[in-house]
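Structural description and commentary
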Amino acid sequence: MKKTILALGATVSVMAATSAGAGVLETVVQRGTLNCGTDNTAPGFGYLNTTTGQMEGLDVDFCRAVAAAVLGDATKVNFVNVTDKSRFTAVQTGQVDVVFAHTTLKPGRESAITVDFLPVNFWDGTGAMVKTELGVEGIGDLDGANLCTTQGSSTEAALANLLKANGWSNQVLTYENLEKLFGALNSGRCDAMFTDKSALAAWRANSANPADYVVLPEIIEKSPFAGFVVANDSRWRNALRWISYALIEAEERGITSANVEETLKSEDPNTLMFLGAQGTFGADFGIPADFVTQAVKQVGNYGEIYERNLGPDTTIFIDRKGTPNALSKDGGAMISPLWN
Amino acid sequence: MSPMQKKIRWLHVNLFAKPADALLTLVVVPLLLWAVWAFLSWALTAADWSVVFNSLKVLMTGTFPSSKLWLVWIVAGMIAALAGLATSASIPFGRTAAVIAVLCYLVLVLAIFGAAHIAPQALLVLAAFHAAWLIGLRVPVLRENLAPIAFGTLIAVLVILSPVGPSNWGGLLLSILITLTAALLTIPLGILLAFGRQSKIASLRALCTGYIEVMRSVPLILVVFCIWVAFPLVLPKFPIPDVVRGLIGFTLFYSAYAAEFIRSGLQSVAKGQTEAAESLGLSDFDLKRIVILPQALRVAVPGLVGNILDIFNYAPLVFIIGLTDFLRAGQMILANPENSARTYEIYVFMFLTYFVVGSIITFQARRLEQKLNKGVRK
Amino acid sequence: MTVSNSLRWRRLRRTSVQVGVLGIAALLLVLLGLAVRNGFAERGVSFSFDFLWQRAGFEISEGRVLTWSGFTSFGADMANWQALAAGLGNTLKVAVVAVLLSTLLGVALGVSRLSTNWLIRKLAFTATEFLRNTPLLIQLTFWYVAVVLQLPGLRDAPHFWGAIISRQGLWLPRPEFTSGPGLWLALAAVVTLALMLMRRFQPWRRHLAGAGVALLALAFVLGFRIHLDLPEAGRFRASGGVAISPEFTALLIALTANTAAYIGEIIRGAIEAVPRGQWEAADAIGLSRRHQLREVILPQVFRVVMPSLGNQYLNLAKNTSLGIAIGYPDLFNVYGTVSNQTGRSLEGVLIAMGIYLVLSWVISLLVNVANNRLKIPGVR
């Protein structure tokens, strides 16, 4: 009995000591599936379609793209539901390999919370939605109102700043998730619901009567969304960073899931290098040579992903034109570094 | 006395015995009727139950892949059979014919209301329940070895479901799996802790007492969250799925409660028993195993069944570690803005399901208690 | 001598077992700590409690903190530990009120289960069953979403004697006292009048009453007045009065109702355990049923149920942590926010666990004290 416990204890400490060697990339390849943390209650980003039972959304497609690039199969993703509260812990404790959960990229999250962020995959802004009957025209009219947001979101800090800047002393309520937040707005407990404008648009569009709600025009803070991985594993982070860039680069080059096979027949050495038919991009990152091809073929380039989840055919529809989410050549902020 | 007079007499004694009683009755009856009427008129006209039927799969199994749903049906049949066997340990078959009729009727209603495609499977599960009930009554060996059978069933269930991966378990299935696993695992742990708390070795006693008291002093939600955070830090080499970590949290927490029920059982075993067994020359281990434990468990059974109900009722707390149990599945459906107007339908359905399952467990606990009390009249 | 040798041997063996058990436990704990530290180090995170003194940077909806200038509302500029303290305050606030109310309601439910009125009996039974056989979490959501948030909005809210009842919150009139020497005289008057109620001072009742009234009159002459600060509905919320948030109300109702169901069962069991002879004797001396219950049965019941009630109070205190589901900023909820803003989950969990442990011990202690007070000396 005593010996067993001793042996167990020894194993625990040995395992703790030796585990430092293997990085996330090796673990993922060995496991054969990607554990990807996403929300499942955010339409357009990470949402479980309860009729089809499939995960859908921009963040979800980024998970699939990573799986396609690293493992060669976009379906080899194990979606783990993370909340605003649990997402950082989930990555730090190694429970998920990467999180794409509409998370705002800001300095404190890389320095104090210690996770490493990937490139921005959606530019959003924090805004407010109120009921039409309240007769409020802008955020400036909300002095004294009950302001509500979700727990653990960057909006919590943004609201504190808003109050301080204006010298207001509003009540700030935080709910566990968007569903409860919207419920509180609906019931009148909250006068204004604060979160990212994309989510506000989604909830308004899908409500029984969209005319009952107004999304206020102001943005109190910009809110760039990015995935993130555990800190200090640059092999894994760099591989994922360039997979994200590849989706944007593919759109810049006009390579889509439909024409990627055809493009592989092209003569242009730079294109072939980008797609992995030549060169050593994949090998240098420690992932398959054709990672860009697989990601684009199985999931699509950034534009395709955007259209599928947030485009005009969706119920959410967030116009890409004129926003930072457009490619930089169209006046937006989406741009990939040089692939050479 | 004519039947009519009997009825009037009943009314008089039970409802109008005193002026105060009469007043109470006159106030409560209309209120009650109004409440029932309001609920029924909403449920039958205003409510749109299609949202429940359309998302039945998510409510029951969460993100379980649709192509492998047949696994869930097999598991449901096995769990139903286990429940039937447990029922046979406390309730004879004859009297409850009415209950069966109601259950079958419910399935029928389900079928009519647009869930027709699952009616055959549901009927088979029901049949498994009744068959096991009947067999348990005929074959006493089976119902007397309920604990080993339950362990066997649990292992089989976990093996059957394992190819799908624990992260895909959800809905009512997950709630039931948590309840079943935690309830069974807490018993051996509880026995060890209870004996440890009564041990002659002071330090062991202090450790067990400390563990039990600490677990009983902190909220479950905190224990579950703490285990979820701490495990990957302690065992970085072995990524343990969320579900398993949640189960560990529940088991660690509720084994403290199980230990207390078992300890009260241990204390109820008469001192003379120990002395008699010692005089027979039994070793300490045999004494505990053969003489004391069976008697102690007998006393502890109603408490342990109550523990099962507690585990089931607190299973929704796994929302804190991102699992999708029954309650969370319902909230997830409501998270789709298209369904946001259907809040009441979803909640009423969930309330009723919880109430039915909870009532069945309570009912069985009560029956078991009565039956055991009959055996040991003082 | 062999006897003393064997005794010494046995003592040695016993000591070594003790040391062995403790040693293994200590070793396991140390290994666990080391493993956690390694785990942290590997992820480039350090284990530290410094975050407690950093600026919180978030608001919470209610909660007060004791600072140099008295109790002040929590604000984003305060430190994280102050946020946790405000959360603890909220936990205590709801727990204390719920303990009192659930005891009252529980006794009522338990007595109703034995009512002579069939309807009341059955209603109490159904309510108890429903509360005990469904999860507290769904009950809490029900009270919040389907009851409290269905109250009228602030603008159409009804006013009862100055109180405002709306879905944005409850506002009650607050009595305000003028300060000065009159206030102290009035306090003295209240103390004097309170002494009247104590058995020990029964013989001097008249004198006390006289003194109390005289003090009160003097206080009035010196300018002591009470006036009610009535809440006034504004555009978004009311000002003045005492504000009670909907989240507090819903959590209070849910905890009270749920715990009352369990307390009701305990009370019913205890009443049924009182020997029939007691009822019959009380009946024989001509007490009405209500008096039988109040004067004879319940005093005996309270002597035996205290430990069981203590367990329920403990459960209630722990269940306040479900407040997170409806956005009530209790300790666990605030801990969640703090750990999320700072990334310090494990440190926070340890702090929260410590606080809950102390809280539970305090409750157990209070229940033990109450139990010893209620017990008749020498009677078991």
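From a predicted model like this one, the values you see are computed outputs, not experimental measurements.

Some details on the overall build of chain B
When helices and strands are tallied, chain B shows 17 helices and zero strands. Oriented by its inertia axes, the alpha-carbon framework of chain B measures out at about 70 × 70 × 45 Å. Excluding contacts between residues fewer than 6 apart, the proportion of contacts in chain B whose partners are at least 24 apart in sequence is 80%.

What to know about the overall build of chain C
Within chain C, the regular secondary structure consists of 11 helices and 10 strands. Radius of gyration (C-alpha) of chain C: 27 Å, far over the 21 Å computed for a compact globule of 380 residues. Taking the principal axes of its C-alpha atoms as reference, chain C extends roughly 80 × 65 × 50 Å. Evaluated residue by residue, chain C yields a buried proportion of 39% over its 380 residues. Within chain C, contacts between residues separated by at least 24 positions form 70% of all contacts whose residues are at least 6 apart in sequence.

Let's talk about the interface of chain B and chain A
The interface of chain B with chain A comprises 30 residues on the first partner and 30 residues on the second. Looking at the side of chain B that touches chain A, the elements that each hand over two or more residues are α4 (56-61), α12 (220-234) and α16 (326-335) of chain B. Residue composition of the side of chain B that touches chain A, by class: 15 nonpolar, 11 polar and four charged.

Considerations on the confidence of the model for chain B
On average, residues of chain B score 82 in pLDDT, and 92% of them are at 70 or above. The element-level mean pLDDT for chain B is lowest in helix α6 (residues 97-115) of chain B, coming to 64, with helix α10 (residues 171-197) of chain B highest at 92.

Description of the sheet that holds strand β3 (residues 46-48) of chain A
Residue and element names in this part refer to chain A. Pairing within the open sheet is antiparallel, and its three strands lie in the order β2-β3-β4. Strands with a single pairing partner mark the edges of an open sheet, and in this sheet they are β2 (41-42) and β4 (55-56). Pairing analysis gives two bridges linking β2 to β3, with the strands arranged antiparallel. Note on β3: the bridge partner recorded for threonine 41 is tyrosine 47.

Overview of the UniProt feature "domain: ABC transmembrane type-1" (unreviewed entry) in chain C
The UniProt feature table records "domain: ABC transmembrane type-1" (unreviewed entry) at residues 88-368 of chain C. Secondary structure content for residues 88-368 of chain C is 68% helix and 9% strand, and the end C-alpha separation is 23 Å.

Points about the nonpolar core
Ranked by internal contacts, the top residues of the largest apolar core, which has 278 residues, are A:Val66, A:Cys148, A:Ala192, A:Ala295, B:Val224 and C:Leu140. Contact partners of C:Leu140, with chain neighbours within four places excluded, come to C:Ala250, C:Leu251, C:Ala254, C:Leu322, C:Ala325 and C:Ile326.

Some points on the UniProt feature "transmembrane region" (unreviewed entry) in chain C
Under the present numbering, the feature "transmembrane region" (unreviewed entry) in UniProt falls on residues 94-115, 136-154, 182-201, 208-228 and 349-370 of chain C. Between the end C-alpha atoms of residues 94-115 of chain C there is a gap of 31 Å, over a span that is 86% helix and 0% strand.

Looking at the interface of chain B and chain C
In this assembly, 39 residues from chain B lie in contact with 38 residues from chain C. Those elements giving two or more residues to the side of chain B that touches chain C turn out to be α1 (3-15), α2 (19-46), α11 (202-217), α12, α15 (284-314) and α17 (343-375) of chain B. The element best represented in the side of chain B that touches chain C is α17(B), accounting for nine residues. Per-class residue counts for the side of chain B that touches chain C are 29 nonpolar, nine polar and one charged.

Section: the packing of helix α3 (residues 58-71) of chain A against helix α9 (residues 234-252) of chain A
Residues and elements named next belong to chain A. Two elements in contact, α3 and α9, have axes separated by 10 Å at closest approach and are oriented at 115 degrees. As summarised for this structure, α3 and α9 are arranged roughly perpendicular, according to the angle between their axes. Like other packed secondary-structure pairs, α3 and α9 cross with a definite hand, here right-handed. Only Ala239, Leu240, Ile243 and Leu247 of α9 make contact with α3, whose side of the interface consists of Ala65, Val66, Ala69 and Val70.

Thoughts on the domain arrangement of chain C
What the domain assignment lists for chain C is domain 1 (3-47), domain 2 (52-168 + 246-374) and domain 3 (179-224). Each of domain 1 of chain C and domain 2 of chain C has a C-alpha centre, and the two are 40 Å apart.

A look at helix α7 (residues 119-138) of chain B
Residues and elements named next belong to chain B. Taking 1.5 Å of rise per residue, the 20 residues of α7 would be expected to cover 28 Å, and the 29 Å separating its terminal C-alpha atoms lies within 8% of that figure. Within the span of α7, buried status applies to Val125, Ala128, Phe129, Ala132, Trp133 and Gly136. Buried residues of α7, seen end-on, are gathered within an arc of 125 degrees and therefore sit on one face of the element. Of the exposed residues in α7, those oriented more than 90 degrees away from the buried face are Pro120 and Arg138. Buried residues along α7 sit against α5 (69-90) and α8 (140-144).

Re the sheet that holds strand β5 (residues 169-172) of chain C
All names here are of chain C. One open sheet holds the four strands; their spatial order is β3-β4-β5-β10, and the pairing between them is antiparallel. Edge positions in the open sheet fall to β3 (159-160) and β10 (242-244), since each of these has one partner strand only. Here two bridges tie β3 to strand β4 (residues 163-166), and the two strands are oriented antiparallel to one another. Residue pairing for β4: histidine 159 is matched across the bridge by isoleucine 164.

Let's talk about the domain arrangement of chain B
Considered domain by domain, chain B is made up of domain 1 (1-46), domain 2 (51-64 + 169-378) and domain 3 (66-163). Here domain 1 of chain B and domain 2 of chain B have C-alpha centroids that lie 40 Å from each other.

Structural notes on the environment of A:Pro217
Residue and element names in this part refer to chain A. Relative to the helices and strands, proline 217 resides in the loop between β11 (213-215) and β12 (221-230). Taking the C-beta count within 10 Å as the criterion, proline 217 has 11 such neighbours and is therefore assigned exposed. Remark: the alpha-carbon pair of proline 217 and phenylalanine 117, spanning 100 residues in sequence, is separated by 29 Å.

Observations concerning helix α13 (residues 242-268) of chain B
Taking 1.5 Å of rise per residue, the 27 residues of α13(B) would be expected to cover 39 Å, and the 39 Å separating its terminal C-alpha atoms lies within 8% of that figure. In the structure, α13(B) departs most strongly from a straight axis at B:Ser255, where the bend amounts to approximately 30 degrees.

A short note on the pairing of β12(A)
Residues and elements named next belong to chain A. Counting buried positions along β12 yields seven of 10 residues, so the element is predominantly enclosed. Bridging between strand β7 (residues 115-131) and β12 involves nine bridges; their strand directions are antiparallel. Bridge pairing links valine 115 to valine 230 in β12.

Considering the pairing of strand β8 (residues 147-150) of chain A
Residue and element names in this part refer to chain A. Side chains Leu147 and Thr149 of β8 all project onto a buried face; the interleaved residues Cys148 and Thr150 project onto the opposite face, where all are buried too. Alignment of β8 against strand β9 (residues 172-175), held across four bridges, turns out to be parallel. If you follow threonine 149 over to β9, its bridge partner there is threonine 174. As a crossover connection, the stretch from β8 through helix α6 (residues 154-166) into β9 is right-handed. Where β8 and strand β10 (residues 192-196) come together, two bridges link them in parallel fashion. If you follow cysteine 148 over to β10, its bridge partner there is methionine 193.

Criteria and cut-off values
- Throughout this description, residue numbers start from 1 for each chain and increase along the sequence as written.
- Chains and ligands are labelled by the order in which they are written, letters from A for the one and numbers from 1 for the other.
- Totals for whole chains, interfaces and linings use every residue, but because this is a predicted model, local features are given only for residues with pLDDT of at least 70 and side-chain atom pairs only at 80 or more, for both listing and counting.
- The numbering of helices and of strands both runs from the N terminus, where a helix is a DSSP run of H or I of at least 4 residues and a strand a run of E of at least 2.
- Here the contact rule is simple: place C-beta atoms from the backbone, and any two residues whose C-beta atoms are within 7 Å are in contact.
- Radius of gyration means the value over C-alpha atoms here, while the globule rule gives 2.2 Å times the residue count to the 0.38 power.
- Exposure is read from a count of other C-beta atoms within 10 Å of each residue's own; the residue is exposed at 12 or fewer, buried at 20 or more and partly exposed in between. C-beta atoms are placed from the backbone.
- Under the scheme applied, nonpolar residues are Ala, Val, Leu, Ile, Met, Phe, Trp, Tyr, Cys and Pro; charged residues are Asp, Glu, Lys and Arg; polar residues are all the others, including Gly.
- Scored from 0 to 100, pLDDT reflects the predictor's confidence in each residue.
- Only strands joined by at least two bridges in the DSSP assignment are considered to pair.
- UniProt positions are given in the numbering used here, feature names are shortened, and annotations may be inferred rather than shown by experiment.
- Buried Ala, Val, Leu, Ile, Met, Phe, Trp, Tyr and Cys residues form a nonpolar core when they are connected through C-beta atoms within 7 Å.
- Lines fitted to C-alpha atoms define the axes here, with helix axes fitted over just the stretch in contact, and angles between the N-to-C directions of these axes take values from 0 to 180 degrees.
- Angular relationships are summarised with four words: roughly parallel below 35 degrees, roughly antiparallel beyond 145, roughly perpendicular across 65 to 115, and oblique for the angles in between.
- By convention the crossing between two helices is left-handed if the near helix lies anticlockwise of the far one by an angle smaller than a right angle, and right-handed if it lies clockwise.
- Segmentation into domains, and thus their bounds, comes from an automatic or database assignment.
- Expected helix span is taken as 1.5 Å per residue step, with the number of steps being one fewer than the number of residues.
- Directions pointing from the helix axis toward each C-beta atom define the arc.
- What the bend at a residue measures is the angle between two axes, fitted to the seven residues ending there and to the seven starting there.
- Here is how to tell: hold the view so the strands point away, follow the path from the first strand over the helix to the second, and if it runs clockwise the crossover is right-handed.

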